[in-house]
Amino acid sequence: SETVAPFSGMSLPNENLIKNPSFEEGNLCAKVGHKSWCIVGQNEVPSWEATQGQIELDVTVWPAFEGRVSVDLSPNKNSFLHQTVELVIGQDYVLTFALSSNTCGNGKGYYKIGTDSDREVKFTGIKKWQTIEAKFNATEVTTQIGFGS
């Protein structure tokens with residue numbers, strides 16, 4: 001299976017429409033007594049929902065692109081983490097985020113905007129963050145933004 005792990009620092013220009021973009025809210029690993037990383041349930045990351053696989057939050061294991069926390073999507077089975085954002089129909093947007101591949105991945109992952117097809121990302125190196133900018137035009141008032149492995 002593929003690993004899109006970790007990812008961090010998402011935003012839409014002018015006003016960040018992504019809630020909890022760096023996965024900092026909730027201080028989840030500290031709540032379960034872990035300082036470096038932890039596995040959380042599918043709906044435990046504030047503002048995010050996982051519909052497949054397990055979600056690992058890394059605090060010190062993997063330096064985050066922005067803030068202290070990054071998300072490691074499961075390398076053992078397909079994972080998908082997403083949230084719904086409110087947009088203005090007909091307006092152009094740019095989604096900016098950072099992705100990196102970890103040592104147990106195959107160097108590929110994907111992201112999804114709304115009902116568009118999966119957009120594959122091939123990584124340039126292990127533990128090397130790369131910034132992705134995805135331009136899109138809103139066709140609905142609410143749109144799902146998600147990342148998968």
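Because the structure is predicted, anything quoted here is derived from the model rather than measured.

(A) A look at unusual backbone geometry. Of note in this structure, Asn 20 is not a glycine but carries a positive phi near 55°. Tracing the backbone through its elements, the reader meets Asn 20 in the loop between β1 (7-11) and α1 (28-31). Positive phi is not limited to glycine here, since Phe 23 has a value of about 65°. With respect to the secondary-structure elements, Phe 23 resides in the loop between β1 and α1.

(B) Main features of the environment of Ser 100. Note on placement: Ser 100 falls in the loop between β7 (92-99) and β8 (108-113). A sequence separation of 31 residues divides Ser 100 from Thr 131, and the C-alpha atoms of the two residues are 9.0 Å apart.

(C) How the structure looks around the packing of aromatic side chains. Under the counting rule described, the total for this entry stands at six aromatic pairs. Taking 5.7 Å as the distance between ring centres and 20° as the angle between the ring planes, the aromatic pair formed by Tyr 93 and Phe 136 counts as stacked. Note that Tyr 93 is positioned in strand β7 and Phe 136 in strand β10 (residues 130-137), a separation of 43 residues in sequence. Here Tyr 93 and Phe 136 have matching classes, each one buried. Within the aromatic cluster, the residues linked to one another by ring pairs are Phe 23, Trp 48, Phe 97, Tyr 111 and Phe 147.

(D) Just the environment of Lys 128, in detail. Along the chain, the position of Lys 128 falls in the loop between β9 (119-122) and β10. Not counting chain neighbours up to four residues away, the residues in contact with Lys 128 comprise Leu 99 and Ser 100.

(E) Highlighting a nonpolar patch on the surface. On the surface, a nonpolar cluster with roughly 250 Å² of combined accessible area is contributed by Trp 37, Ile 39 and Val 61. Residue position: Val 61 is located in the loop between β4 (55-58) and β5 (70-73). Residue classification places Val 61 among the partly exposed positions, given a relative accessible area of 41%.

(F) Geometry of the pairing of strand β11 (residues 142-148). Across the seven residues of β11, five count as buried, placing the element largely inside the fold. Alignment of strand β6 (residues 80-86) against β11, held across seven bridges, turns out to be antiparallel. In the strand pairing of β11, Gln 83 is matched with Ile 145.

(G) Main features of the confidence of the model for the protein chain. For the protein chain, per-residue confidence averages 78 on the pLDDT scale, and 80% of positions sit at 70 or higher. Least confident of the elements in the protein chain is β1, whose mean pLDDT is 49; most confident is β6, at 90. Confidence drops under pLDDT 50 across residues 1-7; counting only partners more than four residues distant or on other chains, this segment forms 59 contacts.

(H) Structural context of the nonpolar core. If you look at the biggest cluster of nonpolar residues, it comprises 32 residues, and the most contacted ones within it are Ile 55, Leu 57 and Leu 95. Among the elements that line this core, the one with the most residues is β7, at four residues. If sequence neighbours within four positions are ignored, Leu 57 has contacts with Leu 28, Cys 29, Ser 36, Trp 37, Cys 38, Val 40, Val 45, Val 69, Ser 70 and Val 71.

Criteria and thresholds
Residues numbered from 1 in each chain as written. Predicted model: local features only at pLDDT ≥ 70, side-chain atom pairs only at ≥ 80, totals over all residues. Heavy atoms only, no water. Helix = DSSP H or I, 4+ residues; strand = E, 2+ residues; numbered from the N terminus. Phe/Tyr/Trp six-rings, centres within 6.5 Å; stacked < 30°, edge-to-face > 60°. Buried < 20%, exposed > 50% of the residue type's maximum accessible area, 1.4 Å probe, protein only. Contact = heavy atoms within 4.5 Å. Patch = residues over 30% accessible without salt bridge, like charges linked within 9 Å, V, L, I, M, F, W, Y side chains within 5 Å. Areas by Shrake-Rupley, 256 points an atom, 1.4 Å probe, with all protein chains shown as cover. Salt bridge = Lys/Arg side-chain N within 4 Å of Asp/Glu carboxyl O. Pairing = 2+ DSSP bridges. pLDDT = per-residue confidence, 0-100. Core = buried A, V, L, I, M, F, W, Y, C linked by side-chain atoms within 4.5 Å.

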